[in-house]
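Fold and geometry: a report
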Amino acid sequence: GTDAPVVVDSAVRDAAPDVALDIALPLDAAVGVSVDASVDASSDKFIAMAAGQPASLWWDQATSTLFIADNQNNQVWTWTDASGLAKYATTAATDGEIDAGATLVGQLVRQSDGTVVVARFGSPRGSYAAISYVSPDGGAGLVPGVDPARHYLGLGLAPGDKLFGSYFAGTPGGAMAGSVTIVDLQTGETDYATGFSKIVGVLVANGKIYVSDQGNSSIYVLPLDGQLPPDGGGYTVFATLPVPDQICAGPNGTIFSGQFQAAPNSTAPISVRQIKQDGTLTLFRSDPD
């Protein structure tokens, strides 16, 4: 196995639900990404999930366990070097969600007591969204008060098990409007920072909150102490990159961002990018095609 950070990537968000990015995890590096579903499952460099559609990953250092949120059937899987891939839990479903095929998920985090929390994207048309969790005893629940018409993808874990989430939704003018939230599993969510576009990833690292805003082709950085710019704007840009997606922490204060589709009018390859603290971008893995 490896103690390297695990990059989080995702399925296609608001395209047809049957189109997805295939994810493969090499065990001797931080991450590998393939858009070819014919990955050699016999290779020990990959975790094959023929029966699933992995959407996001969480590496639990204490137990050397990889947790995997699956876009299909509300499943969470685990992988360990000793035991391989195993079904871990089924998250709670909103009424009618499975029949509607609205099972797309966003980021997964695991709190210190073992509670696993998963953001639920919902239907591309704007229904069935949720934030789900599975407690250490296996009990599954949904965070109350979550608007099912929004889209939930980003979810970050701060010290003390404080949860930061995010949502976005369409506006009457056709633009996307997104916010970062504070999430309480028992009481619901409250807005923390507003004024974003299509938020697809949230990460707490280096004492800051990183927000991957696909609608603005940017990753922003926010303070954890609530000292935010007035009127929901003027946030510090950490990096500008094509079609940023979910994000995770890397070595030496860097972060990684995946990219699931080509950017309009750009020759930049579909890639996983490593971003240094000064905002410098490095191609970590790219699609050879």
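Residues numbered from 1 in each chain as written. Predicted model: local features only at pLDDT ≥ 70, side-chain atom pairs only at ≥ 80, totals over all residues. Heavy atoms only, no water.

Looking now at the overall build of the protein chain. Helix and strand content of the protein chain: zero helices and 22 strands. A burial count over the protein chain gives 53% of its 289 residues as buried. Considering only intrachain contacts with a sequence separation of at least 6, the fraction spanning at least 24 residues in the protein chain is 42%. Accessible surface for the protein chain amounts to roughly 12100 Å². Of this, 50% is attributable to carbon and sulfur atoms. (Helix = DSSP H or I, 4+ residues; strand = E, 2+ residues; numbered from the N terminus. Buried < 20%, exposed > 50% of the residue type's maximum accessible area, 1.4 Å probe, protein only. Contact = heavy atoms within 4.5 Å. Areas by Shrake-Rupley, 256 points an atom, 1.4 Å probe, with all protein chains shown as cover.)

Turning our eyes to something else, we now look at the pattern of salt bridges. The final tally for this structure, using the stated rule, is four salt bridges. As a salt-bridge pair, Glu 189 and Arg 150 come within 3.4 Å of each other at their nearest N and O atoms. Taken as a pair, Glu 189 in strand β14 (residues 188-196) and Arg 150 in the loop between β10 (140-142) and β11 (155-158) lie far apart in primary sequence, 39 residues in all. Judged by relative accessible area, which is 18%, Glu 189 ranks as buried. (Salt bridge = Lys/Arg side-chain N within 4 Å of Asp/Glu carboxyl O.)

This part takes up the sheet that holds strand β3 (residues 54-60). The sheet built from four strands is open, its strands ordered β3-β4-β5-β6 with antiparallel pairing. The sheet is open, and its two borders are formed by β3 and β6 (84-90), each paired with just one other strand. Mean inter-strand twist for the sheet, computed between neighbouring axes without regard to direction, equals 25 degrees. (Pairing = 2+ DSSP bridges. Axes fitted to C-alpha atoms, helices over the stretch in contact; angles between N-to-C directions.)

Phi is positive for Val 243, which is not a glycine, with a value near 45 degrees. Within the secondary structure, Val 243 is located in the loop between β18 (236-240) and β19 (247-249). On the basis of relative accessible area, Val 243 is assigned to the buried category, the value being 9%.

Time to look at the environment of Gly 126. Positionally, Gly 126 belongs in the loop between β8 (116-120) and β9 (130-134). A relative accessible area of 24% places Gly 126 in the partly exposed class. For Gly 126 and Pro 148, which are 22 residues apart along the polypeptide, the C-alpha to C-alpha distance reads 7.1 Å. Aside from chain neighbours lying at most four places away, what touches Gly 126 is Pro 148, Ala 149 and His 151.

Below, the discussion takes up the sheet that holds strand β16 (residues 208-213). Spatially, the four strands line up as an open sheet ordered β15-β16-β17-β18, and their pairing is antiparallel. The two strands at the open ends of the sheet, each matched to only one other strand, are β15 (199-205) and β18. Averaged over all adjacent pairs, the angle separating strand axes in this sheet is 25 degrees, with direction ignored. Of the strand pairs in this sheet, β15 and β16 are connected by six bridges, and their pairing is antiparallel. Opposite Ala 205, over in β16, you have Lys 208 as the bridge partner.

Turning our attention to the confidence of the model for the protein chain. In the predicted model, the protein chain carries a mean pLDDT of 82, and 83% of its residues have values of at least 70. Residue range residues 1-42 is modelled with pLDDT below 50. Its contacts to residues more than four positions away, or to other chains, number 120 contacts. (pLDDT = per-residue confidence, 0-100.)

A separate point is the packing of aromatic side chains. In total, this model carries nine aromatic pairs according to the counting rule given. Between Phe 196 and Tyr 220 the ring centres are 5.6 Å apart and the planes differ by 65 degrees, which places this aromatic pair in the edge-to-face class. Note that Phe 196 is positioned in strand β14 and Tyr 220 in strand β17 (residues 218-223), a separation of 24 residues in sequence. Using a relative accessible area of 5% as the deciding quantity, one classes Phe 196 as buried. Note on Phe 256 and Phe 284: the rings are 5.0 Å apart at their centroids and 75 degrees apart in plane angle, and the pair reads as edge-to-face. Of this pair, Phe 256 sits in strand β20 (residues 255-258) while Phe 284 is found in strand β22 (residues 281-286), placing the two residues 28 residues apart along the sequence. A residue is classified by how much of its surface remains accessible, and Phe 256, at 1% relative accessible area, is buried. Counting every residue linked through ring pairs, the aromatic cluster contains Phe 196, Tyr 220 and Tyr 235. Looking at Lys 87, its charged tip hangs above the ring of Trp 77, at a distance of 4.8 Å from the centre. Lying over the aromatic face of Tyr 167, Arg 150 brings its terminal NZ or CZ to 3.8 Å of the ring centre. (Phe/Tyr/Trp six-rings, centres within 6.5 Å; stacked < 30°, edge-to-face > 60°. Lys NZ or Arg CZ within 6 Å of the ring centre and 35° of its normal.)

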